[in-house]
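Topology and contacts: notes
What follows is each chain in one-letter form.
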Amino acid sequence: MLDVKLLRENLSSVQKEIARRGIELSLGEFENLDRRRREYLKEVEELRHQKKTISEQIGKLVRDGEKVVEGKKEQVHSLDEKIKSLEVDLKEVEDSLNNFLLTIPNIPHSSVATGKGEEDNPEVKRWGKLPEFSFKAKNHWEIGQELDILDFERGTKIAGSGFTLYKGLGARMEMALISFMLELHTREHKYLEVLPPFIVNRDSMIGTGQLPKFEEDLYKIEEQSYYLIPTAEVPVTNIHRDEILERAELPKYYVSYTPCFRREAGAHGKDTRGIIRQHQFNKVELVKFTAPDDSYRELETLLEDAEDVLKRLELSYRVVSLCSGDLGFSAAKTYDIEAWLPGQNAFREISSCSNFEDFQARRAGIRYREKTKDKPRFVHTLNGSGLAIGRTVVAILENYQQEDGSVIIPPALRPYMGGVERINKQ
RNA sequence: GGAGAGGUACCGAAGUGGUCAUAACGGGCCCGACUCGAAAUCGGGUAGAGGGCUAAUAACUCUCACGUGGGUUCGAAUCCCACCCUCUCCGCCA
């Protein structure tokens, strides 16, 4: 959520910034709602003040033994009527305004390139040498099926399309990657591991920006208005919802493994084969809470922490900076890490690292005090995949495939796989 | 799920219809005094949100805020209803 005051005072420049996303903000609607809200509020507060004053007078009179207070009670009654009707109007305007504010995306950072979509994302860096094969590189789903470690038919039978059954060393590799990443980030990058609920309430979803706008992307448990998390970002960022942190506590680093559930509404027909796009997938997520001045420096180190996973697995990748049109709703700036997939002859997203500045913090009420007596200020929140597990499996299968159909396990991962060095055909 | 108890500031806790919610009392924390320094002691300070007025994130002022939302009443932390959460016991259960 954007600051109402910022919006009020710099309406046209905010509008211009948001326009870079290809979204047009309605100035008139905001100005009208904001103005009416303040008018109603002022009036209601004035009437409440009058009411309070008279009630206090009645209290005094009664205590002094005065009995003739009916006239005063009448005054309060008539004030009450006015107040109640104004409150209805006020609530209506406040709800509209609030809903309007909750659906405005974050302002792109000044370093974000203006562009329409994926094709306009500037490449920031590249790492590693692209592997060369003396044979035709296969897709991960071919490799996975031939090794009998990925079973798409069974996944579909059990749940539906977009769900996969991992078997044998496939399942083992998925779990090994989770352990490997958690250990790397906790031991070497100093993140605190947390294992949160995978189901959250509506307030948490609003806090990080999934709701109210993107309900159709989420799995909902109707009976209780609970939602399955689409990313660990949601429960982990909401750890500190409605809290005031101490300056000395910042920055806070969390790392969390969770499964992620996404309906992928509107993505039909994309990546239908394989495990690139699933309704359920595993992810290790990095989340940071920082002081505002530090957040962009912290974004760079967050990115490096995520990159480190690929470096250790010796997988080639590149980093792109999302352009204004490709930026997510809540993000001010995002780097995507794209791993090289020989089977697809393309770089594909394997991590997304974002700075949300105070956008989520304002929604979720996450604040800190610069000094003991200062007014609380909003923290900045950041997060990034470190990494998406399923896509890492894809990258390993495709990059480490051998001519005989086997797949070599990257050395860094072997300790987490009981020393297995290679997955062979049975 | 059943029965009971309870949710008040950073923590504990008083307040059970009015002039004590910038909320008694105790603790913590911050500043100061004392001290070579510290402890002890003494003094002072310690919530939030949204408006109005402003150049102002200053001063002043108003409203809201006692788990959440309603209701009763001239007036609610206090009475009533619903819901949420915590604790104890019982039941069920991986």
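For clarity, every value in this text was computed on a predicted model and none was experimentally measured.

Conventions adopted
- Residues numbered from 1 in each chain as written.
- Chains lettered and ligands numbered in written order.
- Predicted model: local features only at pLDDT ≥ 70, side-chain atom pairs only at ≥ 80, totals over all residues.
- Heavy atoms only, no water.
- Near = heavy atom within 4 Å.
- Polar contact = N/O pair within 3.5 Å; in protein donor to acceptor, adjacent residues only side chain to side chain.
- Helix = DSSP H or I, 4+ residues; strand = E, 2+ residues; numbered from the N terminus.
- Nonpolar A, V, L, I, M, F, W, Y, C, P; charged D, E, K, R; others polar.
- Buried < 20%, exposed > 50% of the residue type's maximum accessible area, 1.4 Å probe, protein only.
- Pairing = 2+ DSSP bridges.
- Phe/Tyr/Trp six-rings, centres within 6.5 Å; stacked < 30°, edge-to-face > 60°.
- pLDDT = per-residue confidence, 0-100.
- Axes fitted to C-alpha atoms, helices over the stretch in contact; angles between N-to-C directions.
- Parallel < 35°, antiparallel > 145°, perpendicular 65-115°, else oblique.
- Left-handed = near helix turned anticlockwise from the far one by under 90°.
- Contact = heavy atoms within 4.5 Å.

Right, let's talk about the protein's contact with RNA strand B for a bit. The environment of RNA strand B is formed by 22 residues, the closest being R37, R48, H49, S55 and R63. Among atoms of RNA strand B positioned within 4 Å of the protein, sugar and phosphate together represent 66%. Contact distances for RNA strand B include 3.2 Å between a phosphate oxygen and a side-chain N or O atom of K52. With respect to RNA strand B, the side chain of R367 contributes an N or O atom lying 2.9 Å from a phosphate oxygen. Put simply, the parts of the chain that give the surface near RNA strand B at least two residues each are α3 (27-63), α4 (70-102) and β14 (366-369). No other element matches α3, which puts twelve residues into the surface near RNA strand B. When the residues that make up the surface near RNA strand B are grouped by side-chain class, the tally is four nonpolar, four polar and 14 charged.

Of all the nine residues making up strand β12 (residues 333-341), nine are buried; the element is thus mostly covered by neighbouring parts of the structure. Burial along β12 is two-sided: the residues K333, Y335, I337, A339 and L341 and T334, D336, E338 and W340 are all buried. The sheet contact formed by strand β11 (residues 317-321) and β12 spans five bridges and is antiparallel. Counterpart to R318 in the pairing with β12 is E338. Where β12 hands over to strand β13 (residues 346-355), the hairpin turn is made up of four residues, of which N345 adopts a positive phi near 55 degrees.

For any pair of aromatic rings, the description rests on two quantities: the centre-to-centre distance and the angle between the ring planes. Tallied over the full model, the rule gives nine aromatic pairs. Pairing F30 with F100 gives two aromatic rings, centres 6.2 Å apart and planes at 25 degrees, and the pair type is stacked. Placement of the pair is F30 in helix α3 and F100 in helix α4, with a sequence separation of 70 residues. Pair check on accessibility: F30 and F100 agree, each one buried. A ring pair is formed by Y191 and Y253, whose centres lie 4.9 Å apart and whose planes are at 35 degrees; its orientation type is tilted. One end of the pair, Y191, is in the loop between α7 (168-188) and β4 (192-194); the other, Y253, is in strand β9 (residues 252-261), with 62 residues separating them in the sequence. The exposure class assigned to Y253 is partly exposed, which follows from its relative accessible area of 21%. By the ring-pair criterion, three or more aromatic residues cluster together here, those being F214, F329 and F359.

Summarising the model, chain A shows a mean pLDDT of 93, and 99% of its residues fall at 70 or more. ipTM for the predicted complex: 0.85, alongside a pTM of 0.93.

Remark: α7 packs on helix α12 (residues 389-399), axes separated minimally by 10 Å, with the N-to-C direction vectors making an angle of 110 degrees. Between α7 and α12, the angle falls in the class roughly perpendicular. Seen from above, α7 lies across α12 with right-handed handedness. Of the residues in α12, those touching α7 at M173, E174, L177, I178 and M181 are I389, G390, T392, V393, I396 and L397.

Bringing the sheet that holds strand β15 (residues 377-378) into the picture now. What holds strands together in a sheet is hydrogen bonding between their backbones, with the strands either parallel or antiparallel. Sheet architecture is open: three strands sit in the order β8-β14-β15, paired in mixed fashion. Where the open sheet ends on each side, the last strands, each with one partner, are β8 (243-246) and β15. Here β14 runs beside β15; their pairing, made up of two bridges, is antiparallel. When the bridges of β15 are listed, Y368 appears paired with R377.

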